[in-house]
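What follows is each chain in one-letter form.
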Amino acid sequence: VKHPLQNKWTLWFTKPSSGKGDNWNDLLKEVITFNSVEEFWGIYNNIAPVSDLALKSDYHLFKEGVRPEWEDPQNKHGGKWSYSFKDKRNCDINDIWLHTMLAAIGETLEEEDDGEVMGVVVNVRKAFFRIGVWTRTIGKSIPNRGDGDVAGGKGRSVQKGQDILMQIGKRFKEILKLPANEPVEYSGHTDAAHSGSTRAKAKFTV
Ligand code: M7G
């Protein structure tokens, strides 16, 4: 018996760059798409744990049809909640990443129909492990056009958009098991693209 997921998900991997000539697109590889709990565990049990990945590697787990890039039409107006674990030795990154993935595929980061969560990411870097949740918008209003542009085709107010975004941030922070005084920050992808790094100015904090 297979337990279906609400969405199909695609796992992507970013290979560490070997030299200066590599560009982002050459390094980003689509690994596999799945839509059941059983397939998820089959994949999880057969890929390298985050703790074994080389520096500059990333895993990305995104809804099928969304590339894990700022440029994707479903990401270009969005941003991400993210947190960097700087004490790499005392961080159980495998467990944290597993629970982040389970929250994504189990749809517990947002309410049904919000349609904001695009995917989750883990970056392995020299000084930190960074985990992020990408959202489709930066908490904007959506006009009630009913043209299927948004989940369910329903409109929403600015306030509702902001509430959804903050709720996702709070849920994410719980999954990371962070103390209340440790900030998890949100930044828009446009800022990230312009600054040449994801370490852009935070717009929101939970
Ligand atoms: P990062 O891995 O998000 O953060 O971006 P880091 O600076 O802590 O390693 C590293 C670099 O990867 C960026 O400066 C970009 O050159 C490239 N890169 C990362 N992302 C997520 C994208 C993306 O979505 N699109 C493009 N074109 N490049 C990206």
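For the structure itself, consult the block above.
Everything numeric here is computed off the predicted structure, so don't read it as measured data.

The next point concerns the environment of glycine 139. Structurally, the position occupied by glycine 139 is in the loop between β6 (129-135) and α4 (158-175). As for glycine 139 and glutamate 116, which are separated by 23 residues in sequence, their C-alpha atoms are 8.9 Å apart.

For the pair helix α2 (residues 37-44) and helix α3 (residues 93-105), interaxial distance at closest approach is 12 Å and the crossing angle is 155 degrees. Between α2 and α3, the interaxial angle falls into the category roughly antiparallel. In terms of crossing hand, the pair formed by α2 and α3 is right-handed. Here Phe40, Trp41 and Tyr44 of α2 come into contact with α3, specifically with Asn94, Leu98, Met101, Leu102 and Ile105. The class makeup of the residues in the contact of α2 with α3 is seven nonpolar, one polar and no charged.

Under the counting rule described, the total for this entry stands at seven salt bridges. A salt bridge links glutamate 116 to arginine 136, with the nearest nitrogen and oxygen atoms 3.8 Å apart. Residue glutamate 116 is found in the loop between α3 and β5 (117-124), and its partner arginine 136 is found in the loop between β6 and α4; the two are separated by 20 residues along the sequence. Residue arginine 136 is classed as buried on the basis of its relative accessible area, which comes to 14%. A salt bridge links arginine 156 to glutamate 116, with the nearest nitrogen and oxygen atoms 3.1 Å apart. Highlighted residues: arginine 156 in the loop between β6 and α4 and glutamate 116 in the loop between α3 and β5, separated in sequence by 40 residues. Glutamate 116 matches arginine 156 in its accessibility class, with the two residues each being buried. Beyond isolated ion pairs, a larger network of salt bridges with shared partners links Glu116, Arg136 and Arg156.

Cut-offs applied
Residues numbered from 1 in each chain as written. Predicted model: local features only at pLDDT ≥ 70, side-chain atom pairs only at ≥ 80, totals over all residues. Heavy atoms only, no water. Helix = DSSP H or I, 4+ residues; strand = E, 2+ residues; numbered from the N terminus. Axes fitted to C-alpha atoms, helices over the stretch in contact; angles between N-to-C directions. Parallel < 35°, antiparallel > 145°, perpendicular 65-115°, else oblique. Left-handed = near helix turned anticlockwise from the far one by under 90°. Contact = heavy atoms within 4.5 Å. Nonpolar A, V, L, I, M, F, W, Y, C, P; charged D, E, K, R; others polar. Salt bridge = Lys/Arg side-chain N within 4 Å of Asp/Glu carboxyl O. Buried < 20%, exposed > 50% of the residue type's maximum accessible area, 1.4 Å probe, protein only.

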